[in-house]
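Survey of secondary and tertiary structure
Here is how the chains run, residue by residue.
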Amino acid sequence: MGYILLSFGIGLLTAVAFYWLISTRISSSWSRASASHVADSSRRLVRSTAIVAALILVIVALLELVSDTVFLALEDFQYSLTDSAGGSPATQTVGTRGISWALYLAIFVGILLGAIAGVFAASRKTALYANVTPRHLI
Amino acid sequence: MSKLFLIVGGGAGAKIAEAFTHLCAAGLGPSEAHLLFVDGDTGNGNLGRAVNTVKDYIRLQHSWVRAAGHIPAFDAAANGSAGPTASTGRSLFGTTLFIYPVTDKIETIIPGASNLRDSLGQDHEFADVLDLLYDADEQATRCEDGFRARPNLGCLLMSRYLRVTLTVGPGAAFIEQLSGASADSAHTRVAVAGSIFGGTGASMFPVVRNAIENAVRKHRNVEKLDFGNFHWCSVMLLPYFRPTERRDSVDPSRSLLDASSTLQYYSTAGSPYSCVYLIGSDDPGRNRVRPVTGSRDQCNPSFFEEVIAALALLDFLYEPEGRRREPVRIFDLGSTRTVTWAALPWPAALRPNGVDGVAQLMHLASFLFKRGGAIRPQAYEWGLAGLLRQLDSRALSLESWFTKVLEKWAEAHPAVRNAKASDRPALIATGIAEQSIDDLMPACLRYFARLLWWAYASALQDGDRRDSLDLLAFDTSGDYVHILEHMASVGLGAPNGTAAVDFSDDNALARLLAAAHLAMVRSRQGHASAGSQLLNPTFQLWSDAQMGGSPGTVRLILRGSTGHVRQTLSDAGLSDLSDDYTRNQI
């Protein structure tokens, strides 16, 4: 449950950020752009964000594997999260440490879905780009 | 239902018909107009241009009316209504036009009449009269060449010519319609228009009424007929342009004198018209043309005086029945000497919104041809033709202004219904036969190009030529994204369900244009879109910078230029069209 709430929270923040970013672009540099340009550019943005987020999470995972400090900090964070919201930490043990796969998955899914939702909401708000749907953004 | 029977003679008459056609396209004309073109100069360039304009109008109008059946009338903006209950019920392309070209060569109708000498000179007495009145060049000028500037004896030929041509072919069809209309209606309005300084038009004015009435009697097979319900008017163009030099029988130094003689002849012969409109110019030299006596080379650019002549026709058309007015009607600019939209002689029935109809039509044409820069990311700098040409099927499927207007309608077509969403635009463009965009595009481009070329030549302010006109300008830095936005927030009626649908006369391009017009009206009113934001909600029909004045006092500034027209026509393989409007231009 805690992971779900975390994912939702991150997704919401991401959605707001992307909504603001896309709305600003539609009002300025994209004000005369075609819907396909908006869809293609937005898809590139979502994919880039997803790739960057994935890379960062992979790096953190590697750090978690090699550093006690990072591992223990993440463990503590997950215990705080699950104690408050329910559930228990989901970690895959590797030697003396582990990989917090559920945490990374929750963050990644939150960012990805939030980005898509933010872009979709911003384009949907505008009559000219109302045909841009989530399937165009993946 | 209002009807007008219009008879035009010669090249200038054809140009008046051309201007009248464009005013009909602006929603200012009657419900129905029957246009009889009389010209023995078969290859006359102005005649050909006018006839082609009417044909392209008719082709576009059939589909427009079908597509825009519930589009609000152009003056909805004034009364605040966006529904079909607008007060006047007029709409763009609201006139159904019928065309009857009588263009047989004179010598095929009157044997031996290849020129004045041959047609009348065999009689020795007449030959002496001809030698007295005309020099050798004038007598030898072929009758099929329109610009002879000697109308007096032309009446004789014209009377015989009409007597024959009104009983066969298009002439007979015109008589049949006129006869039927007069039987149905208490008032039948018939107008005759042309110049009095050419050949055909000037020869026609004194004799055409008699010829028409005789033909109607013959059609009804009666000896006598009461024509009391026929209302006749004439619209006469006095010299309003000047050839640059004398050539053959064309002598610019004599045109005013000849016109004066012609008017004197008319006055002595008695006027068969209940009212006469005289349109002239205080400076014919302002409109210059190359001197040609006729045939294809006589394809003069349009001039503003022809617009005035067309407005005279509307003045006659909308005159309340039974109202007595002066038989000679004068349009005087007054002391300002500057022609603005408000200063034009709009009939009372068309005030105050007639000018909006013209403006909307011009903007619609400009929206069609507008060109932008590189296709990405500035796609919405382009107009409709450019967008349809350059956006592929997938890109068009993402354009909500396209899908909103067409998708539901096209889904009734089995081929579209069974296709993938991304493939549907391609089918709508080319794959549904007469309903395809490509099927109507050539006629659409031709008509609107003709409209803009005509408007450019007759109304553009140009310090060298038209120091008193202030009607039209171009600003290509602007665009029509407002129209696209509002098209994205409206849609045209779709067939109910997927039951069998009658697609006859229906066309996707006509629907897009009708939606664009609706969008223009809504955008001008600043309509909000339910559920979607409009970044550019309000479209200024008239110049933003000059909105301090009333609409009729400011210039109409189009976002697309004639350069855009030329390039778009070139893309479509229609680049020779502009020659019709520039061939004789100086």
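Just so it is clear, the structure is predicted and the values come from calculations on it, not from any experiment.

Along chain A, the regular secondary structure elements total four helices and two strands. N-terminal to C-terminal, the α/β element order of chain A is α-α-α-β-β-α. With 138 residues in all, chain A has 47% of them scored as buried. Relative to all contacts within chain A whose residues are 6 or more apart in sequence, the contacts with residues 24 or more apart total 70%. Only carbon and sulfur atoms are counted for the fraction: they give 72% of the accessible area of chain A, which is about 6,800 Å².

Residues and elements named next belong to chain B. Taken together, the seven strands give an open sheet; going across it, the order is S3-S2-S1-S4-S5-S7-S9, and neighbouring strands pair in parallel fashion. Unpaired on one side and paired on the other, strand S3 (96–102) and strand S9 (328–329) mark the two borders of the sheet. Set on the sheet, helix H9 (residues 169–184) makes contact with strand S1 (3–9), strand S2 (32–38), S3, strand S4 (188–195) and strand S5 (230–237); between it and S1 the angle comes to about 150°.

Each partner contributes residues to the interface: chain A has 23 residues there, and chain B has 25 residues. Looking only at chain A, the three residues that lose the most surface to chain B are Arg32, Ala127 and Leu128 of chain A, adding up to 39% of its buried area. We note a salt bridge from Arg32 of chain A to Asp479 of chain B, for which the minimum N-O separation is 2.5 Å. Within the residue set of the side of chain A that touches chain B, elements represented by two or more residues are helix H1 (2–27), helix H2 (35–66) and helix H4 (101–125) of chain A. The element contributing the most residues to the side of chain A that touches chain B is H2 of chain A, with six residues.

What follows is about the nonpolar core. Residue and element names in this part refer to chain B. One finds Trp401 and Phe448 to be the most contacted residues of the largest nonpolar core, which totals 156 residues. Among the elements that take part in this core, helix H20 (residues 437–459) stands out by supplying 14 residues, more than any other. Beyond its immediate chain neighbours, meaning those up to four positions away, Phe448 contacts Leu60, Phe93, Leu361, Leu364, Ala365, Leu368, Phe369 and Leu513. Among the nonpolar cores identified, the runner-up in size contains 36 residues, and Ile7, Tyr100, Phe205 and Val276 belong to it.

Moving on, we come to the pairing of S5 of chain B. Residue and element names in this part refer to chain B. When you tally the buried positions in S5, you get seven out of eight residues, the bulk of the element. In terms of strand pairing, S4 meets S5 through eight bridges, oriented parallel. Its bridge partner being in S5, Arg189 is matched across the sheet by His231. Relative to strand S7 (residues 275–279), S5 runs parallel, the two being bridged by five bridges. Pairing of Cys233 across the sheet is with Cys275, part of S7.

Of all residues in chain A, 100% attain a pLDDT of 70 or more, and the chain-wide mean is 90. For chain A, per-element mean pLDDT is lowest for strand S1 (residues 92–94) of chain A, which scores 78, and highest for H2 of chain A, which scores 94.

Time to look at the side chain of Gln78 of chain A. Residue and element names in this part refer to chain A. Mapped onto the elements of the fold, Gln78 is located in helix H3 (residues 68–85). A residue is classified by how much of its surface remains accessible, and Gln78, at 0% relative accessible area, is buried. A polar atom in the side chain of Gln78 sits 2.5 Å from the side chain of Tyr3.

Now for the pattern of salt bridges. With the rule as written, the count across this model stands at 15 salt bridges over all chains. In this structure, the salt-bridge partner of Asp40 of chain A is Arg43 of chain A, at a minimum N-O distance of 3.2 Å. Taken together, the residues Asp40 of chain A and Arg43 of chain A, both in helix H2 and three residues apart, mark about one turn of the helix. In this pair, the class of Asp40 of chain A matches that of Arg43 of chain A, namely buried. The partner of Asp571 of chain B in a salt bridge is Arg389 of chain B, with the nearest N and O atoms 4.0 Å apart. A residue pair is termed long-range when its members are at least 10 positions apart, and Asp571 of chain B in helix H23 (residues 562–571) and Arg389 of chain B in helix H15 (residues 384–390) qualify at 182 residues. Judged by its relative accessible area of 32%, Asp571 of chain B is partly exposed. According to the relative accessible area criterion, Arg389 of chain B is exposed, its value standing at 53%.

Residue and element names in this part refer to chain B. H20 packs onto helix H2 (residues 45–67) with a crossing angle of 130° between their chain directions and a minimal axis gap of 9 Å. Considering the angle they form, H2 stands oblique to H20. Crossing hand, H2 versus H20: left-handed. Across the interface between the two elements, Arg49, Asn52, Thr53, Asp56, Tyr57, Arg59, Leu60 and Ser63 of H2 pack against Asp439, Leu440, Ala443, Cys444, Arg446, Tyr447, Phe448 and Arg450 of H20. Looking at side-chain class alone, the contact of H2 with H20 contains seven nonpolar, three polar and six charged residues.

What counts and how
- Residues numbered from 1 in each chain as written.
- Chains lettered and ligands numbered in written order.
- Predicted model: local features only at pLDDT ≥ 70, side-chain atom pairs only at ≥ 80, totals over all residues.
- Heavy atoms only, no water.
- Helix = DSSP H or I, 4+ residues; strand = E, 2+ residues; numbered from the N terminus.
- Buried < 20%, exposed > 50% of the residue type's maximum accessible area, 1.4 Å probe, protein only.
- Contact = heavy atoms within 4.5 Å.
- Areas by Shrake-Rupley, 256 points an atom, 1.4 Å probe, with all protein chains shown as cover.
- Pairing = 2+ DSSP bridges.
- Axes fitted to C-alpha atoms, helices over the stretch in contact; angles between N-to-C directions.
- Buried area = accessible area lost by both parts, 1.4 Å probe.
- Salt bridge = Lys/Arg side-chain N within 4 Å of Asp/Glu carboxyl O.
- Core = buried A, V, L, I, M, F, W, Y, C linked by side-chain atoms within 4.5 Å.
- pLDDT = per-residue confidence, 0-100.
- Polar contact = N/O pair within 3.5 Å; in protein donor to acceptor, adjacent residues only side chain to side chain.
- Parallel < 35°, antiparallel > 145°, perpendicular 65-115°, else oblique.
- Left-handed = near helix turned anticlockwise from the far one by under 90°.
- Nonpolar A, V, L, I, M, F, W, Y, C, P; charged D, E, K, R; others polar.

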